[in-house]
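Now for the letters of each chain:
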Amino acid sequence: MAHTRRTPGSLAFIIALLGANLGCDVNGALERLSEARRLAADLQVQFTKAADAANRAVMADTDQASVAYAREAERAKQAAQASVEELGPVLEGLHYSAETRIFQEFVGRFAAYRDLDGRILELAVENTNLKAQRLSFGPAQEAADSFRDSLQSVAPLDGEKDAWHVKALVATAVAAVREIQVLQAPHIAETDDAAMTRMETRMAISEATARTALETLAPLVRPVSRPRLAAATANLDKFIGLNAQIMDLSRRNTNVRSLMLSLNEKSKATGACEDGLRALRDALAKRGFVGTR
């Protein structure tokens with residue numbers, strides 16, 4: 001059998017061709033590795049932005065700020081998701097089994113985080129506790145003060161006989177309304193339904209006390225004071241109506257619930273995602289060439 005002899009020139013050409021192909025593969029792999037590192041870094045930045053903005057939404061003291069921070073958090077989460085969708089195929093192309101496993105674990109954690117964070121932000125932007133507080137310190141306070149002022153100068157029908165009785169009834173009615181006011185703040189901050197029910201029961205008793213005092217006052221005041229007594233009744237009705245709104249908002253408890261979720265469940269979910277991102281970046285940082293699995 002005849003043997004084909006390779007000249008030194010042809011052998012050098014083959015070696016050069018193999019070297020060129022190998023160089024292309026190595027360069028391509030290094031480019032993909034660089035891209036993976038960039039995407040992982042960007043993912044970490046966007047995730048941190050999302051978590052920080054969501055925390056600010058929960059802690060915001062105005063509806064406008066809460067909504068603005070919630071939107072910022074959503075934009076950052078979308079940007080992070082875009083990085084996730086880009087990074088997956090790059091890692092698959094590199095055939096890095098360890099990094100791919102870490103990445104897939106993060107994907108699952110991030111999906112859970114997004115679901116939880118969405119629920120928290122939905123609660124945060126409702127701001128029901130904040131709205132209840134504003135009603136309590138604003139319109140409800142004004143109605144309570146107007147109730148007190150309406151009763152300040154009611155004149156007893158018989159100055160000698162009814163003066164102290166009228167004063168005592170006025171003081172009882174005003175104190176009953178003030179007790180309802182005092183209970184509003186702890187009700188707004190409360191997380192336990194049973195505790196809120198107990199406070200509402202006390203409020204109902206105080207309302208009944210105030211109304212009974214007004215009814216008892218009616219025959220004891222001069223005709224000239226009856227319009228003031230009617231005004232007091234109207235102010236009491238207004239105050240009780242506002243208190244009902246405060247109780248409804250407080251019961252929904254969206255600010256308290258969003259804060260508790262952020263401090264407990266979300267804190268754990270955030271930490272798990274951050275751990276996964278650090279592990280992924282550390283693993284990619286150790287890669288210097290293709291072929292290591």
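Residues numbered from 1 in each chain as written. Predicted model: local features only at pLDDT ≥ 70, side-chain atom pairs only at ≥ 80, totals over all residues. Heavy atoms only, no water.

**Concerning the environment of N127**
For step 1, the next point in the chain: You can see N127 is positioned in the loop between helix 3 (97–126) and helix 4 (128–137).
For step 2, the next point in the chain: You can call N127 buried: its relative accessible area is 0%.
For step 3, the next point in the chain: Distance in space between the C-alpha atoms of N127 and V67 is 9.9 Å, their sequence separation being 60 residues.
For step 4, the next point in the chain: Those residues in contact with N127 that lie beyond four places of it in its chain are T62, D63, S66, T254 and N255.
For step 5, the next point in the chain: One polar contact links N127 to D63, side chain to side chain, over a distance of 2.7 Å.
For step 6, the next point in the chain: Among the polar contacts listed, one links the side chain of N127 to the side chain of N255, at a separation of 2.8 Å. (Helix = DSSP H or I, 4+ residues; strand = E, 2+ residues; numbered from the N terminus. Buried < 20%, exposed > 50% of the residue type's maximum accessible area, 1.4 Å probe, protein only. Contact = heavy atoms within 4.5 Å. Polar contact = N/O pair within 3.5 Å; in protein donor to acceptor, adjacent residues only side chain to side chain.)

**Overview of the side chain of N255**
For step 1, the next point in the chain: In this structure, N255 sits in helix 9 (residues 254–285).
For step 2, the next point in the chain: With near-sequence residues (within four places) excluded, N255 lies in contact with A124, N127, T128, N129 and L130.

**Regarding the confidence of the model for the chain**
For step 1, the next point in the chain: Across the chain, pLDDT averages 89, with 88% of residues at or above 70.
For step 2, the next point in the chain: Across the chain, the element-wise mean pLDDT spans from 76 in helix 1 (residues 8–59) up to 97 in helix 7 (residues 193–217).
For step 3, the next point in the chain: This model gives residues 13–24 a pLDDT under 50, and the stretch forms one contact once residues within four places in sequence are excluded.
For step 4, the next point in the chain: Confidence drops under pLDDT 50 across residues 289–293; counting only partners more than four residues distant or on other chains, this segment forms nine contacts. (pLDDT = per-residue confidence, 0-100.)

**Overview of the packing of helix 7 against helix 8 (residues 226–252)**
For step 1, the next point in the chain: Two elements in contact, helix 7 and helix 8, have axes whose closest approach is 11 Å; the angle formed by their N-to-C orientations is 175°. Overall, the two elements helix 7 and helix 8 adopt an arrangement that is roughly antiparallel. Of the residues in helix 8, those touching helix 7 at D193, M196, T197, E200, M203, E207, A210, R211, L214 and L217 are L229, A232, T233, L236, D237, I240, N243, M247, S250 and R251.
For step 2, the next point in the chain: A per-class count over the contact of helix 7 with helix 8 returns ten nonpolar, four polar and six charged. (Axes fitted to C-alpha atoms, helices over the stretch in contact; angles between N-to-C directions. Parallel < 35°, antiparallel > 145°, perpendicular 65-115°, else oblique. Nonpolar A, V, L, I, M, F, W, Y, C, P; charged D, E, K, R; others polar.)

**A short note on the side chain of K266**
For step 1, the next point in the chain: Structurally, the position occupied by K266 is in helix 9.
For step 2, the next point in the chain: According to the relative accessible area criterion, K266 is buried, its value standing at 2%.
For step 3, the next point in the chain: Ignoring anything within four residues of it in the chain, the contact list for K266 reads A51, A54, N55, Y113, L116, D117, I120 and L261.

**Describing helix 7**
For step 1, the next point in the chain: The end-to-end C-alpha distance of helix 7, which contains 25 residues, comes to 36 Å, matching closely the 36 Å that a straight helix rising 1.5 Å per residue would cover.
For step 2, the next point in the chain: N-capping of helix 7 is provided by D192, with a side-chain oxygen placed 3.3 Å from the backbone N of A194. (Expected span 1.5 Å × (residues − 1).)

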